[in-house]
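Observations on the model geometry
One letter stands for each residue in the lines below.
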Amino acid sequence: MDLKSELLKSIWYAFTSLDVEKCGKVSKSQLKVLSHNLYTVLNIPHDPVALEEHFQDDDDGPVSNHGYMPYLNKYILDKVKEGMFDKEKFDDLCWMMTMKKNYKGAPKGALLSERDCFKLFCLFNLLSEDRYPLVMIPEEVEYLLKKISTAMSQEWDGKPLEDIVSQDATVRDGGLSVWSFLENMEAGRLLRVTSAEAFSLALDEVYLEMYHSVLKRGYMWKKGHVRRNWTERWFVLKPSSMAYYISEDLKDKRGEILLDKSCVIEPIPDREGKRCLFCVKTHSKTYEMSASDQRQKVEWTQAVQTALRLQSEGKSSLHQELKLKRRVQRENSQRERSRGSRSSCSSQSEDSNTQEMEKMEKDKDRQDLEIESIIQHARELETRRREAEERERRKQKEVQMELERQLKEAELLRDSMQAEMQERAKEAEQQRIRIHELELTQRKLEAALNMEIQARLEEERARQELERLLQAEEEKKKQFQLLQEQQRAMQSLISIQEASHGGIEGDAPSALHSASQELQDLRASRQRSHQRLEEVQEKLRNASQHVRHWNVQLNRLMTPISPGERLEHRLSSKNTCPKKEGALASNEFISKFKIRAELNSQLPEDHKTLEEQMEAANLSDGSDESLEKSNGQI
């Protein structure tokens, strides 16, 4: 059956659904809507005035099916090409139009869902006879029901179908319409179904095989062309192609092997740790695949060979070919039965008929016994198979439960490890901050110690200057007292030598005045030096306070404190010697500084003042005087 005949079956349902009065005619407005929908779903450029031009000689009355067919063939079906549209969407459109009028719909909780009804509708059109109104003969109904029963892994029971055929002469002579077929399926009169879910899965498998022409599908390993590694893929084989996906949900398509007359399938010896190998050679590439076992390899090889045979014969569907073969066999068997019945009546006598009847009865009894034994054996095999499937199902369920338990344990372990990593990262961040604070405190402590040393050196120089001025003042005092004594002695001798005393009297007051002036200058210098010494001592006290402050801060930051030991560390660190904890005491620092200063004594002296150094170090004057005195304080 060609593509046009397949499309006409579904269009016939859509056309009859528009015939509300059942007179065989449909109005032009409804045909315009139907034609527009067909243009859209078949991906054909829409010609809105073609219908009016085609029927321009007619009146505005309705158009019959025979009157619509020339327009349908010329403007729609002749422009359709296979592969340019989705046939499932096309059938779904026709199903939706005819279902609203002819099918009441499955009630809630029924055996058939609306999607199942649509799939049965498509399968009915595939197996129906090529005459209108469309019907499906009992032999094709039996074929379809056997396919569904096999997919459900259940034994076929033909008695319900035989009862319907024997009770209804219309079905026996003409066949079932699609609506009678759906009604009997929904009522369970054609097939006994215990699980609606199992029936839906089996129907889906048969639907893919017959409607979508899926010859075989399943998982296989495929060797890559670039990375040359083996990857498991889900393969779907059709007469024209062999597509492969990441998984069976068909969401991520990874490639497709286009099959033509030049393709060849060959077996490959086992290698690279893979077995059951075969390859499909096209004109451009060679695809290597590995089946799960030898049986799957044989099935895949036969399925690919069937697809290549259909390609070479120019056929697009295996089940269309099988349908034609079944029709030819039925016609041949019918002719043989009619020919055999005519010859038997003219050639046999009454005695031979009796003997033949007895012989036939014996043969029939023997055949019945053989059939009964075969049926019994088949039932036993089916029972064992079901028991094996049940055991395998329980085993898979146990494995799944074990995997779920392990997955939950892994998730808990992952959460605990993430929490531990976050805690460790937090502790590392705290330690990094403490190290930064420690380095900053160490630098500030060194700056404070440098300023303390410079303050002490300035104090030492001020003390030396003050001592020098005190010694000079003491010497001047002695010299001044001596001059005063000399002046008193000279006044007593004025009367003896008047001329010489006059020269002395002129020199003595001037010498005494100059000595008094020098003594006053020395006292003023001593006062200034004393003020300078007090200022330097004040600066020294401030520098010592800064040293004590930063020494305490450094001792506090020397030992890393974990979150749980923070309070214990603070309580135990109060009586810790800063020298033992690694803090730099001022005595040690001063001695090292003096040794370094003696080594660099020839270098020019730094003229930077103490105030500028304190401003550069950004030291705070608000230190707490009640802090514990450092062990290294001078």
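Each pocket or cavity is described by its volume, and for the largest pocket that value is around 1000 Å³. Around the largest pocket, the lining is made up of 32 residues, and of these E82, K87, Y211, S213 and S316 lie nearest the centre. Every element with two or more residues in the lining of the largest pocket is listed here: α1 (3–18), α5 (87–102), α6 (114–127) and α13 (318–347). With four residues, α1 is the largest single contributor of residues to the lining of the largest pocket. Across the lining of the largest pocket, the residue classes tally to nine nonpolar, twelve polar and eleven charged.

The strands that make up a sheet are held in pairs by hydrogen bonds between backbone atoms, and each pair lies either parallel or antiparallel. With antiparallel pairing, seven strands are arranged side by side in an open sheet as β6-β5-β4-β3-β9-β8-β7. Of all the strands in the sheet, just β6 (253–258) and β7 (264–268) have a single pairing partner and so form its edges. Neighbour-to-neighbour, the strand axes of the sheet open up by a mean angle of 35°, direction not taken into account. Here two bridges tie strand β3 (residues 216–223) to strand β9 (residues 286–290), and the two strands are oriented antiparallel to one another. Its bridge partner lying in β9, K222 is registered against M289.

Every buried residue of helix α8 (residues 159–167) is listed here: P160, L161, I164 and V165. One side of α8 holds all its buried residues, which, seen down the axis, span an arc of 130°. Of the exposed residues in α8, the ones pointing more than 90 degrees away from its buried face are E162, S166 and Q167. Looking at the buried residues of α8, the elements they touch are α7 (138–151), α9 (169–173) and α10 (178–187).

The buried fraction of strand β8 (residues 277–281) amounts to four of the five residues, a majority that puts the element mostly inside the structure. Here β7 runs beside β8; their pairing, made up of five bridges, is antiparallel. Looking across to β8, one finds that E266 is bridged to C279. Taken together, the five bridges between β8 and β9 define a ladder with antiparallel strand orientation.

This next bit is on the pattern of salt bridges. In the structure shown here, the tally under the stated rule is 37 salt bridges. The shortest N-O distance in the salt bridge between R394 and E390 comes to 3.8 Å. Linking R394 with E390, this pair stays in helix α14 (residues 350–492), spanning four residues, or about one helical turn. Since its relative accessible area comes to 44%, R394 is described here as partly exposed. The exposure class assigned to E390 is partly exposed, which follows from its relative accessible area of 34%. Residues joined in a network through salt bridges with shared partners are K9, E129, D130, R131 and R327.

What follows is about the packing of α1 against helix α2 (residues 28–41). Packing of α1 against α2 leaves a shortest axis separation of 11 Å and a crossing angle of 155°. Accordingly, the angle class assigned to the pair α1 and α2 is roughly antiparallel. For α1 against α2, the interelement crossing comes out right-handed. When α1 is examined against α2, the residues I11, A14, F15 and L18 are found in contact with a partner set consisting of Q30, L31, L34 and L38. Of the residues contributing to the contact of α1 with α2, the split by class is seven nonpolar, one polar and no charged.

The rules we used
Residues numbered from 1 in each chain as written. Predicted model: local features only at pLDDT ≥ 70, side-chain atom pairs only at ≥ 80, totals over all residues. Heavy atoms only, no water. 1 Å grid on protein atoms, 1.4 Å probe; cavity = no way out; pocket = protein on both sides within 12 Å on 5 of 7 lines; lining within 4 Å. Points joined across faces, edges and corners; volume = space filled by probe spheres on them. Helix = DSSP H or I, 4+ residues; strand = E, 2+ residues; numbered from the N terminus. Nonpolar A, V, L, I, M, F, W, Y, C, P; charged D, E, K, R; others polar. Pairing = 2+ DSSP bridges. Axes fitted to C-alpha atoms, helices over the stretch in contact; angles between N-to-C directions. Buried < 20%, exposed > 50% of the residue type's maximum accessible area, 1.4 Å probe, protein only. Arc of directions from axis to C-beta. Contact = heavy atoms within 4.5 Å. Salt bridge = Lys/Arg side-chain N within 4 Å of Asp/Glu carboxyl O. Parallel < 35°, antiparallel > 145°, perpendicular 65-115°, else oblique. Left-handed = near helix turned anticlockwise from the far one by under 90°.

By themselves, these observations are geometric and do not establish any function.
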